[in-house]
Amino acid sequence: MLRMITGRPGPSGFGSASTAEQVTHAIDGSNLTAIVTGGASGVGLETARVLAMRNVHVIIAARNMEAANEAKQLILKDNNAARVDIEKLDLSSIRSVKAFADNFSALNLPLNMLINNAGVMFCPFHPSEDGIEMQFATNHIGHFYLTNLLLDKMKETAKATGIQGRIVNLSSLAHLFNYKEGIQFDKINDKNSYHDKKAYGQSKLANILHAKELSRLLQEEGANITVNSVHPGLIMTNLMRHSALMMSILKAFSSFLWKNVSQGAATTCYVALHPSLKGVTGKFFNDCNEYEPSKLAQDGDIARNLWDFSNNLINAALKI
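Residues numbered from 1 in each chain as written. Predicted model: local features only at pLDDT ≥ 70, side-chain atom pairs only at ≥ 80, totals over all residues. Heavy atoms only, no water.

S.K.: Any details on the environment of methionine 53? Residues and values, ideally.
M.R.: Take methionine 53: it is sitting in helix H3 (residues 42–53). Residue methionine 53 is classed as partly exposed on the basis of its relative accessible area, which comes to 29%. With 24 residues separating them along the chain, methionine 53 and glycine 29 place their C-alpha atoms 8.9 Å apart. In this structure methionine 53 touches Glu21 and Asn79, once residues within four positions along its chain are discounted. (Helix = DSSP H or I, 4+ residues; strand = E, 2+ residues; numbered from the N terminus. Buried < 20%, exposed > 50% of the residue type's maximum accessible area, 1.4 Å probe, protein only. Contact = heavy atoms within 4.5 Å.)

In structure tokens form, the structure reads like this:
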């Protein structure tokens with residue numbers, strides 16, 4: 001906590017006060033291609049901007065194509081040599097995720113990095129078009145399915161180039177605040193037991209468990225891809241639109257814990273691009289340093305159950 005308040009660097013040489021530009025200084029990503037979900041605003045936009053600044057070819061995947069195009073133009077305004085493309089993606093829709101993956105495949109591009117950044121937060125109970133509670137559908141299921149669909153392309157790229165692929169899941173320290181059992185496998189879509197903040201914590205716990213299990217499977221296979229999860233920090237963005245008043249009051253009493261957007265994107269960019277993270281997988285990062293998540297987030301049995309449960313939800317949705 002003291003390091004978070006003071007911004008004092010950790011073992012990596014970076015800390016809570018570090019910015020995305022600082023943690024990627026002098027790194028050349030000109031031979032890399034990255035997908036950033038939710039790259040049209042907030043931390044996702046800053047992540048896309050900084051990766052493009054480091055010469056990475058960035059594909060912004062976003063639900064709102066008008067906002068995505070504005071984000072692209074904003075990046076190009078400051079960096080006319082940036083390589084930025086936009087593609088439509090609604091993570092709450094299984095069919096939209098499949099369409100995005102098909103469209104990306106048709107571009108015949110390599111894929112070195114997948115930044116699973118997009119999300120919703122504290123929204124009222126609402127099922128997705130596939131009948132899945134919206135926070136779980138968007139924050140976890142959409143990214144889980146997207147990752148599975150793009151995995152062969154990432155493996156192919158890593159094998160052809162010799163460059164290790166990297167998958168980064170944006171989670172949160174909010175994974176500490178969830179339902180007693182962690183993941184309510186038998187009540188995922190139960191409106192009566194729904195709690196907006198615990199449901200958010202559940203989805204963020206799922207992001208860590210997804211990274212943990214995928215990392216284990218890829219290591220067993222010998223695939224040259226790492227998978228890690230990160231906490232970006234407390235940042236006032238559109239993600240908090242369902243709780244703006246509450247968050248504004250909270251910020252007034254805890255301003256020393258909050259970050260600006262550039263600081264919020266730092267850990268994502270560090271884990272995605274920094275050479276010191278080569279070979280590091282299955283870890284959780286906070287303020288650009290490894291951080292121990294909750295015991296539930298380290299539970300291999302829950303991680304494996306979540307993997308099977310997620311696949312079953314997706315298969316059921318595809319049959320509708």
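Next comes the rest of the write-up.
S.K.: Tell me what's going on with the sheet that holds strand E2 (residues 57–62), and back it up with residues and numbers.
M.R.: The eight strands lie next to each other as E3-E2-E1-E4-E5-E6-E7-E8, forming an open sheet whose pairing is mixed. For this open sheet the edge positions go to strand E3 (84–88) and strand E8 (289–290), each flanked by a neighbour on one side alone. Bridge count for strand E1 (residues 33–37) against E2 is five bridges, and the pairing is parallel. By the bridge assignment, alanine 34 is partnered in E2 with valine 58. (Pairing = 2+ DSSP bridges.)

S.K.: Which residues make up the environment of asparagine 116, and what are the values?
M.R.: For asparagine 116, the location among the structural elements is in strand E4 (residues 113–116). Linking asparagine 116 and leucine 170, residues 54 residues apart in sequence, is a C-alpha distance of 6.1 Å. In this structure, asparagine 116 is in contact with Thr37, His143, Leu146, Thr147, Ile167, Val168, Asn169 and Leu170, ignoring residues within four places of it in sequence. Of the polar contacts made by the side chain of asparagine 116, one reaches the side chain of asparagine 169; its length is 2.9 Å. (Polar contact = N/O pair within 3.5 Å; in protein donor to acceptor, adjacent residues only side chain to side chain.)

S.K.: Please set out the pairing of E2 residue by residue, giving values where relevant.
M.R.: Of all six residues in E2, six are buried, a share of seventy percent or more. Residues His57, Ile59 and Ala61 of E2 are buried on one face, and the alternating residues Val58, Ile60 and Ala62, pointing to the opposite face, are buried as well. Between the parallel elements E1 and E2, the chain passes through H3 in a crossover that is right-handed. Since E2 and E3 lie parallel, the crossover through helix H4 (residues 65–78) that links them has a hand, and here it is right-handed. (Right-handed = clockwise from strand over helix to strand, strands pointing away.)

S.K.: Give me the lowdown on the packing of aromatic side chains, citing residues and values where you can.
M.R.: Summed over all chains, the structure comprises seven aromatic pairs. With a centroid separation of 5.2 Å and an interplanar angle of 70°, the aromatic rings of phenylalanine 125 and tyrosine 194 are classed as edge-to-face. Of this pair, phenylalanine 125 sits in the loop between E4 and helix H6 (134–161) while tyrosine 194 sits in the loop between strand E5 (165–170) and helix H7 (196–221), placing them 69 residues apart in sequence. For phenylalanine 125, a relative accessible area of 23% puts it in the partly exposed group. In textbook terms, an aromatic cluster arises when at least three aromatic residues are bridged by ring pairs, as seen for Phe136, Phe185 and Phe309. (Phe/Tyr/Trp six-rings, centres within 6.5 Å; stacked < 30°, edge-to-face > 60°.)

S.K.: Hey, could you go over the packing of H7 against helix H11 (residues 300–319) for me, with residue numbers and the actual values?
M.R.: Remark: H7 packs on H11, axes separated minimally by 9 Å, with the N-to-C direction vectors making an angle of 90°. Classed by the angle they form, the pair H7 and H11 counts as roughly perpendicular. Facing Ala206, Leu209, His210, Lys212, Glu213, Leu214, Arg216 and Leu217 of H7, the residues of H11 in contact are Gly300, Ile302, Ala303, Arg304, Leu306 and Trp307. The residue inventory of the contact of H7 with H11, partitioned by class, reads eight nonpolar, two polar and four charged. (Axes fitted to C-alpha atoms, helices over the stretch in contact; angles between N-to-C directions. Parallel < 35°, antiparallel > 145°, perpendicular 65-115°, else oblique. Nonpolar A, V, L, I, M, F, W, Y, C, P; charged D, E, K, R; others polar.)

S.K.: Quick one: what's the story with the pairing of E3, residue by residue and with numbers?
M.R.: As defined by bridge partners, E2 adjoins E3 across five bridges and the pair is classed as parallel. For isoleucine 60, the partnering residue across the bridge sits in E3 and is isoleucine 86.

S.K.: Which residues make up H3, and what are the values?
M.R.: Taking 1.5 Å per residue as the helical rise, H3 with its twelve residues ought to reach 16 Å, and the 17 Å between its terminal C-alpha atoms agrees with that figure. The buried fraction of H3 amounts to nine of the twelve residues, a majority that puts the element mostly inside the structure. Buried within H3 are the following residues: Val43, Gly44, Leu45, Glu46, Thr47, Ala48, Val50, Leu51 and Ala52. The first or second residue beyond H3 is asparagine 55, which carries a positive phi of 75°. (Expected span 1.5 Å × (residues − 1).)

S.K.: Could you give an account of unusual backbone geometry, with specific residues and numbers?
M.R.: Even without a glycine there, the phi angle at asparagine 108 is positive, about 55°. Turning to its location among the elements, asparagine 108 is positioned in the loop between helix H5 (94–106) and E4. Exposure remark for asparagine 108: the relative accessible area of 64% places this residue in the exposed category. Although it is not a glycine, aspartate 287 adopts a positive phi angle of roughly 55°. Its place among the elements puts aspartate 287 in the loop between strand E7 (284–286) and E8.

S.K.: Could you give an account of helix H10 (residues 266–273), with specific residues and numbers?
M.R.: Most of H10 is tucked away: eight of the eight residues are buried. Among all positions of H10, only Ala266, Thr267, Thr268, Cys269, Tyr270, Val271, Ala272 and Leu273 are buried.

S.K.: Give a description of the packing of H3 against H4 that names residues and reports values.
M.R.: Where H3 contacts H4, the axes come no closer than 10 Å and their chain directions differ by 35°. Note that H3 runs across H4; the crossing there is right-handed. Here Leu45, Ala48, Arg49 and Ala52 of H3 come into contact with H4, specifically with Ala71, Leu74 and Ile75. Broken down by class, the residue content of the contact of H3 with H4 amounts to six nonpolar, no polar and one charged. (Left-handed = near helix turned anticlockwise from the far one by under 90°.)

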